[in-house]
Amino acid sequence: MDDRFQHIVSILPDKPGVYQFIDSYGNIIYVGKAKNLRKRVSSYFVKNQSGKTTVMLKRAADLKHIVVDNESDALLLENNLIKRHQPRYNILLKDDKTFPWICIKKESFPRVFSTRNTIKDGSNYYGPYTSGLMVKILLDLIRQLYKPRSCTLNLTVENISSGKFKACLEYHIGNCRAPCIGLQSEQDYIENIQQIKDILKGNISTVIDHLKQLMINYSKNLRFEEAQAIKDKIEILSRFRSRSSVVSATIKNVDVFAMSQDIDRTYINYLKVVDGAVIQAFTLDLKSRVEEDKESLLGFAITEIRQRLSSDSPEIILPFKPDIMFGNLKYTIPKKGEKLKLLELAERNAVYYKLEQRKKQEEQPPKDRTGKNLEKLKSDLHMAELPQHIECFDNSNIMGDNPVAACVVFKNGKPSRKDYRHFNIKSVKGPDDFSSMEEIVFRRYKRVLEEKQSLPQLVIIDGGKGQLSSSVKSLKKLDLLERITIIGIAKKLEEIFFPGDTVPLYLDKNSVSLKIIQQLRNEAHRFGINFHRNKRSSEMTKSDLDMIKGIGPKTKETLLRKIGSPEKIKKIPVEELIKIIGKQKAYILTNYFKK
């Protein structure tokens, strides 16, 4: 056994838990779970490992562990730690941001709409759906049945009761029941939302049963028009249910998982079956970076998919037992019957998905010039990832006045102008570039983390060691320094500085890497200068006209439109001013300028 870990392994408990391999820089490079921590970790050192695992062990400098109460807790903790730290040698989850979800927004009178971005704000998300057509069919059904609002008005009780809003066109053409003007109560709206949630979960039978009872009650109370409206809804729902892929009349609520593997990829297909119908299908794409057994991969995928899709099915159908199982779930490995047919369907889906991915890779064109340039930049800066997303920061001020900053974003080697950002410096007084850079880098990535946006692979700071050190402080506060490559570029000699390195890197003046960095730096400078110029111009105008008592915004607008700059207004005769803004305001203006 490696001397570095012999003592650590000897004191590991015979308990379930999670272990972490740490490199010499303090980064977590691998997270694993174990029924028995001592046995599992010892196995790394008593038998021959695959090439990737051997490399990982050579890079490991330390080992930490967390003991938990049971195997299920170990599985959940492993899943959460992998998603949080994204260790280099763990399973890589392929991003599913391109798939659409249906969102029920957390707000008064919730909206229902499709989105490709999930935000943790308490809203309910259903999906992801691999078919955009299915999303459209579901939303059309919901709008036809319940007519939820599509506007973004703040429908609080106070706003509605005060008559703040008016009914819009959607109400007049029958697409909304106008809760904004009180024509639909919040209780009625929330009942509809609950039924929508049941439909999206696949519980259509529950909704139909509820509507049938409601229809009977309306009929008993001689409310025949309302009973007929409910009957129409039941017919629409019944037709929709009949179009679903019914696979069994007896299977009520199960999750089905099947696996297909390629060289270094594992595809886990998931089917959600409710009331005998497949209501959702999804394939998880896993990339293995070290050797993982299929039981461990299946266990990870089950945890990830059920957490992601908020599944509450009490039974799981699968081809073999995972390494760790939850005690509150029933695990079924079918040998015959309808459950076996369901498993075979999921296996075919996994195989088809694998073949599709293989075909896409074969048809993919060779890397273009941009790809080669980014590969060169990655190599020159000794980066672990291809810098497809780069951000560059620049400060701008004149003797400390109107300090601003700019952030420009390049994606796949091209400017992504919709992602550019301006910053007004808030916490720094006077010309302090270092503190200003620390502030804007912190604000930028604090918001990126809060909104769950993608992080750049490379951050460029326009400045030398001082600006770079200030930026590094902010990344450390946000625990991002190990996840992002950050460099500074000093203007005089175009020196490239890395955090902690006293000696700069000099790139060839004609190298494509330096040109990419210079392009970003120059674009950030241009963007920042324009913003600073506009702000300075605005401040100058404000200092001349906005300080004059009796001259309001409309008068100021008239003067600037008809005369021009404040300097021209100072020189114009009082007679001309009287014609433009009247006698009283003209004298106020001339008296102010005389003083």
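Structure: above.
This write-up is about the structure you can find in this document. Being a predicted model, the structure only gives us computed values, none of them experimental. (Residues numbered from 1 in each chain as written. Predicted model: local features only at pLDDT ≥ 70, side-chain atom pairs only at ≥ 80, totals over all residues. Heavy atoms only, no water.)

1. Quick look at the overall build of the protein
No. 1: Each helix and strand in the protein was counted, giving 20 helices and 20 strands.
No. 2: Its C-alpha atoms give the protein a radius of gyration of 31 Å, clearly above 25 Å, the size a compact globule of 595 residues would have.
No. 3: Its C-alpha atoms put the protein at 100 × 85 × 50 Å along the principal axes.
No. 4: Relative to its 595 residues, the protein shows a buried fraction of 46%.
No. 5: Excluding contacts between residues fewer than 6 apart, the proportion of contacts in the protein whose partners are at least 24 apart in sequence is 61%.
No. 6: For the protein, the accessible area works out to roughly 32500 Å², and carbon and sulfur atoms hold 50% of it. (Helix = DSSP H or I, 4+ residues; strand = E, 2+ residues; numbered from the N terminus. Rg over C-alpha atoms; globule rule 2.2 N^0.38 Å. Buried < 20%, exposed > 50% of the residue type's maximum accessible area, 1.4 Å probe, protein only. Contact = heavy atoms within 4.5 Å. Areas by Shrake-Rupley, 256 points an atom, 1.4 Å probe, with all protein chains shown as cover.)

2. As for the environment of Leu92
No. 1: Mapped onto the fold, Leu92 is located in strand E4 (residues 92-93).
No. 2: For the pair Leu92 and Val448, spaced 356 residues apart in sequence, the C-alpha separation works out to 21 Å.
No. 3: Those residues within four positions of Leu92 in sequence are excluded, and the remaining contacts are Asp285, Leu286, Lys287 and Arg289.

3. Description of the side chain of Arg444
No. 1: Relative to the helices and strands, Arg444 is located in helix H14 (residues 433-450).
No. 2: Beyond its immediate sequence surroundings of up to four residues, Arg444 is in contact with Glu391, Phe393, Cys407, Val409, Asp419, Arg421 and Phe423.

4. A closer look at the environment of Thr53
No. 1: Tracing the backbone through its elements, the reader meets Thr53 in helix H3 (residues 51-59).
No. 2: As a C-alpha pair, Thr53 and Glu292 span 239 residues in sequence and 9.5 Å in three-dimensional space.
No. 3: Excluding its chain neighbours within four sequence positions, the residues that come into contact with Thr53 are Tyr44, Val290 and Glu291.

5. Observations concerning the pattern of salt bridges
Pairing between side chains of opposite charge can happen when the charged atoms of each approach one another.
No. 1: Taken as a whole, this structure holds 28 salt bridges when the rule is applied.
No. 2: Between Glu304 and Lys83 there is a salt bridge; the shortest N-O distance is 3.2 Å. Linking Glu304 in helix H11 (residues 294-308) with Lys83 in helix H4 (residues 71-85), this pair joins segments that are 221 residues apart in sequence.
No. 3: When its relative accessible area of 35% is taken as the criterion, Lys83 is described as partly exposed.
No. 4: The partner of Glu226 in a salt bridge is Arg223, and the shortest N-O contact between them spans 2.8 Å. (Salt bridge = Lys/Arg side-chain N within 4 Å of Asp/Glu carboxyl O.)

6. Describing the sheet that holds strand E2 (residues 28-34)
No. 1: Judged by pairing direction, the sheet is antiparallel, and its three strands sit side by side in the order E2-E1-E3 without closing on themselves. A single partner strand is all that each edge strand has here, and the edge strands are E2 and strand E3 (60-67). Averaged over neighbouring strand pairs, the angle between their axes works out to 20° when direction is ignored. (Pairing = 2+ DSSP bridges. Axes fitted to C-alpha atoms, helices over the stretch in contact; angles between N-to-C directions.)

7. Observations regarding the packing of helix H5 (residues 132-146) against helix H8 (residues 186-201)
No. 1: Relative orientation of the contacting elements H5 and H8 amounts to 150°, with a least axis distance of 11 Å. As judged from the angle between their axes, H5 and H8 are roughly antiparallel. Crossing of H5 against H8: the hand is right-handed. For the pair H5 and H8, the contacting residues are Leu138, Leu141, Ile142, Leu145 and Tyr146 in the first and Asn192, Gln195, Ile196, Ile199 and Leu200 in the second.
No. 2: Each residue belonging to the contact of H5 with H8 can be placed in one class, and the counts come to eight nonpolar, two polar and no charged. (Parallel < 35°, antiparallel > 145°, perpendicular 65-115°, else oblique. Left-handed = near helix turned anticlockwise from the far one by under 90°. Nonpolar A, V, L, I, M, F, W, Y, C, P; charged D, E, K, R; others polar.)

8. Topic: the sheet that holds strand E5 (residues 101-104)
No. 1: The strand order across the open sheet built from three strands is E6-E5-E7, with neighbouring strands paired in antiparallel fashion. Bordering the open sheet on either side are strand E6 (112-115) and strand E7 (124-126), each of which pairs with just one other strand. Across this sheet, the average inter-strand angle for adjacent strands is 30°, counted without regard to direction.
No. 2: The strands touched by H5 within the sheet are E5 and E6, with E6 carrying the most contacts at an inclination of about 170°.

9. Overview of the packing of aromatic side chains
No. 1: Going through the model one piece at a time under the given rule, you end up with nine aromatic pairs.
No. 2: Judged by centre distance (5.8 Å) and plane angle (75°), the ring pair of Phe393 and Tyr445 falls under edge-to-face. Pair noted here: Phe393 is in strand E14 (residues 389-398) and Tyr445 is in helix H14, with a separation of 52 residues, a long-range link. A single burial state applies to Phe393 and to Tyr445, both of which are buried.
No. 3: A network of ring pairs unites the aromatic residues Tyr19, Phe21, Tyr30 and Tyr44 as a single cluster.
No. 4: For Lys294, the ring lying beneath its charged end belongs to Phe320, and the centroid distance is 4.7 Å.
No. 5: Positioned over the ring face of Phe442 is Lys477, at 5.8 Å from the centre of the ring. (Phe/Tyr/Trp six-rings, centres within 6.5 Å; stacked < 30°, edge-to-face > 60°. Lys NZ or Arg CZ within 6 Å of the ring centre and 35° of its normal.)

10. A short note on the state of the cysteines
No. 1: What the rule picks out here adds up to zero disulfides.
No. 2: With no disulfide of its own, Cys151 lies 6.0 Å from the sulfur of Cys180, the closest cysteine sulfur.
No. 3: Left unpaired, Cys168 is separated from the closest cysteine sulfur, that of Cys176, by 6.0 Å.
No. 4: The partly exposed category is assigned to Cys168, whose relative accessible area is 37%. (Disulfide = S-S within 2.5 Å.)

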